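One letter stands for each residue in the lines below.
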Amino acid sequence: PEANDVKTETIPLFKAVLLALAGLAGLIVGGKIFVESAVEFAHKAGISDKFIAITILAGGTSLPELATCVVAAHKKKGGLALGNILGSNVFNILLILGSSAVIYPVSFSAMSWVDLGVLLMSQLLLALVAFTGTKGRIDRWEGLVFLALEIGYFTFLLLNL
């Protein structure tokens, strides 16, 4: 076995299913509480729902992905980190947004051209990084560019409340 192989404990299938269902229930209840609390906070603070959605909700729901990616990167499993993020984004845009729109039409009225432009730019920048320079990885300086762009976008949002 390699040094970074992780030993796992085998648990019975019934217990695994039960734990997975309990975790899913916790996510659903926690998500409901999280969304309701964020909206209540936004209304009391006089902040738009859009700002809360793009910052607190998006950040809060992305924290598990951040933790997963940091652990994967630390264990030199960059492919897992990138796959997690790309998979999550594709899943969110296609399945989650699509399912939500089937249940109730989703309005883009609160989104500006800047918001949609940042989304498009981030995807184009990712494609550019993936297919130029050091193939197959995002270097530290490129990661810093991504972070700087996020900080810039967040600053823009704060200045345009």
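Read on for an overview of the structure. The model shown is predicted, which means the values in this text are computed figures rather than measured ones. (Residues numbered from 1 in each chain as written. Predicted model: local features only at pLDDT ≥ 70, side-chain atom pairs only at ≥ 80, totals over all residues. Heavy atoms only, no water.)

### Some thoughts on the overall build of the protein chain
Right, so step 1: In terms of helices and strands, the protein chain carries five helices and zero strands.
Right, so step 2: Start at the N end of the protein chain and walk to the C end: the helices and strands fall as α-α-α-α-α.
Right, so step 3: C-alpha extents for the protein chain along the principal axes are approximately 55 × 45 × 30 Å.
Right, so step 4: Counting over 161 residues, the protein chain shows a buried share of 12%.
Right, so step 5: In the protein chain, 44% of the contacts between residues at least 6 apart in sequence involve partners at least 24 apart.
Right, so step 6: When the accessible surface of the protein chain is split by element, carbon and sulfur atoms take 73% of a total near 12,500 Å².
Right, so step 7: Of the side-chain charges in the protein chain, 11 are positive and 11 negative, and the distance between the mean point of each set is 7 Å. (Helix = DSSP H or I, 4+ residues; strand = E, 2+ residues; numbered from the N terminus. Buried < 20%, exposed > 50% of the residue type's maximum accessible area, 1.4 Å probe, protein only. Contact = heavy atoms within 4.5 Å. Areas by Shrake-Rupley, 256 points an atom, 1.4 Å probe, with all protein chains shown as cover. Lys, Arg positive; Asp, Glu negative; His and termini not counted. Charge placed at Lys NZ, Arg CZ, Asp CG, Glu CD.)

### Regarding the packing of helix α1 (residues 13–45) against helix α2 (residues 49–74)
Helix packing geometry: the angle between the two helix axes and the distance between the axes.
Right, so step 1: Put simply, α1 and α2 touch, their axes get as near as 10 Å, and they point 145° apart. Seen along the crossing, α1 lies across α2 with a hand that is right-handed. For the pair α1 and α2, contact is made by Phe-34, Val-35, Ala-38, Val-39, Phe-41, Ala-42 and His-43 and by Asp-49, Ile-52, Ile-56, Leu-57, Gly-60 and Thr-61, respectively.
Right, so step 2: Per-class residue counts for the contact of α1 with α2 are nine nonpolar, three polar and one charged. (Axes fitted to C-alpha atoms, helices over the stretch in contact; angles between N-to-C directions. Left-handed = near helix turned anticlockwise from the far one by under 90°. Nonpolar A, V, L, I, M, F, W, Y, C, P; charged D, E, K, R; others polar.)

Geometry only, nothing functional implied.
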